[in-house]
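Chains, contacts and geometry: an overview
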Amino acid sequence: MKIGAWLVCVLVTACVSVHAALTASQSSLLAEARKSPHGILKLDERKYHELLQGPRDYGVFVQMTALHPRFRCGACALLNDPFEQVARGWKSTKRRNDLVFATIDANDGMELFRRMGMTYVPVMNYFPPHVDLPEEYDLTLNGYGADDIAEFVSARIGVPFRPKKPLMPKQTAVYFIPVAFAVALASMIMRQRSWQEGVKTLGLMACVSLVLTFTSGYMWTRIQGAPFMSFEPTGAPIYITAGFQAQYGVESLLLIALYASFVASILVLTRFAPKIESPILQRVVVVAGALALVLQYGLFALMFSYKNPGYPFRLLL
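Taking an unreviewed UniProt entry as the reference, the chain is identified by name as Magnesium transporter protein 1 belonging to Malassezia restricta. In its Subcellular location (unreviewed entry) section, the UniProt record describing the chain reads: "Endoplasmic reticulum membrane". Database annotation for the chain, UniProt heading Sequence similarities (unreviewed entry): "Belongs to the OST3/OST6 family."

The structure is reproduced here in structure tokens:
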């Protein structure tokens, strides 16, 4: 009886120690996921196996994607933002420890993707607690939207929640520049004394618009079919490409905005400020316009340093 009891104690101790070791290796991954800004754990092949090995009392919703620029996966970039929004929404819930959001890029787990026989990306799989076989999220059936993904996860985990979406979507921010420019143009035309002056103002603004368009490289990006932007392996957007032989579409919009702000500052200093009757207000406008010119030059130098990393000059930024 003593030998049997001793043997049982040894086995129980061994099982507990193994369980503790597994829990310790996985708890570090869970802590890493909680520290992530979006609540998403970045995986490689080793972390992928550690996260999904048993025993585990949490579910895993993993995105298998190919965001690295060399893969040029448009669907991956399209799905990444909704995935991050859903992960942020889940991170704000009280039961956030019951489910882990994770992502693995093909650039970090190519051998894993090959062994799994994956022929397409992106793929999202849900692993319930204590279960090794996943349930795949059907993009065609369920949809690419953040609300669609959140509904799928809520039904599996049993906790209703909503994704955290940005106040201004990226598409809205991109089109805000031409809309703001059109509103400013209409305001300037309506303030003219006669329709002849309005036509002159309209022609002047059209010429300025053409100059800004051609000097920003917009025509080059259209002729060459350059991509609008690219993405880092982590999914972070890349707005400016290094080197002078390539340019993204978003770079043209940024340059147009900088050139337009420079023109606006010059107009304020030369046309608007001299007409201000209050000396104090006039000084404020002049100082603000001068500071705007300095900051705009700093932005130009900053963009140039992105294109040419060896560029040594900066101003404020």
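Our focus in this paragraph is the packing of helix 3 (residues 74-91) against helix 6 (residues 146-157). The axes of two packed helices give the description: the angle between them and the distance between them. Where helix 3 contacts helix 6, the axes come no closer than 8 Å and their chain directions differ by 45°. Judged by the angle between their axes, helix 3 and helix 6 are oblique. Considering how the two elements wind past one another, helix 3 and helix 6 form a crossing that is right-handed. Judged by residue contacts, Leu79, Pro82, Phe83, Gln85, Val86 and Trp90 of helix 3 engage Ala146, Ile149, Ala150 and Ile157 from helix 6. The residue makeup of the contact of helix 3 with helix 6, split by class, is nine nonpolar, one polar and no charged.

Spatial strand order, 1-3-2-4-5: five strands in an open sheet with mixed pairing. With one partner strand each, in any of the chains shown, strand 1 (40-43) and strand 5 (135-136) form the two edges of the open sheet. As judged from the four bridges shared by strand 1 and strand 3 (residues 99-105), these two strands associate in the parallel manner. Within the sheet, the bridge partner assigned to leucine 41 lies in strand 3 and is alanine 102. Relative to the sheet, helix 3 contacts strand 1, strand 2 (59-65), strand 3 and strand 4 (123-127), its axis offset from that of strand 3 by approximately 155°. The strands touched by helix 6 are strand 2, strand 3, strand 4 and strand 5; relative to strand 4, the strand with the most contacts, the crossing angle is about 15°.

Looking now at the state of the cysteines. Every disulfide links exactly two cysteines, by a covalent bond between their sulfur atoms. Across all of its chains, the model carries one disulfide by this definition. Here cysteine 73 engages in a disulfide with cysteine 76; their sulfurs sit 2.2 Å apart. Residues cysteine 73 and cysteine 76 share a disulfide whose torsion about the S-S bond is about 70°; that sign makes it right-handed. Each member of the pair, cysteine 73 as well as cysteine 76, carries the same accessibility label: buried.

How each quantity is defined
Residues numbered from 1 in each chain as written. Predicted model: local features only at pLDDT ≥ 70, side-chain atom pairs only at ≥ 80, totals over all residues. Heavy atoms only, no water. UniProt positions renumbered as here; feature names shortened; annotations may be inferred. Axes fitted to C-alpha atoms, helices over the stretch in contact; angles between N-to-C directions. Helix = DSSP H or I, 4+ residues; strand = E, 2+ residues; numbered from the N terminus. Parallel < 35°, antiparallel > 145°, perpendicular 65-115°, else oblique. Left-handed = near helix turned anticlockwise from the far one by under 90°. Contact = heavy atoms within 4.5 Å. Nonpolar A, V, L, I, M, F, W, Y, C, P; charged D, E, K, R; others polar. Pairing = 2+ DSSP bridges. Disulfide = S-S within 2.5 Å. Buried < 20%, exposed > 50% of the residue type's maximum accessible area, 1.4 Å probe, protein only.

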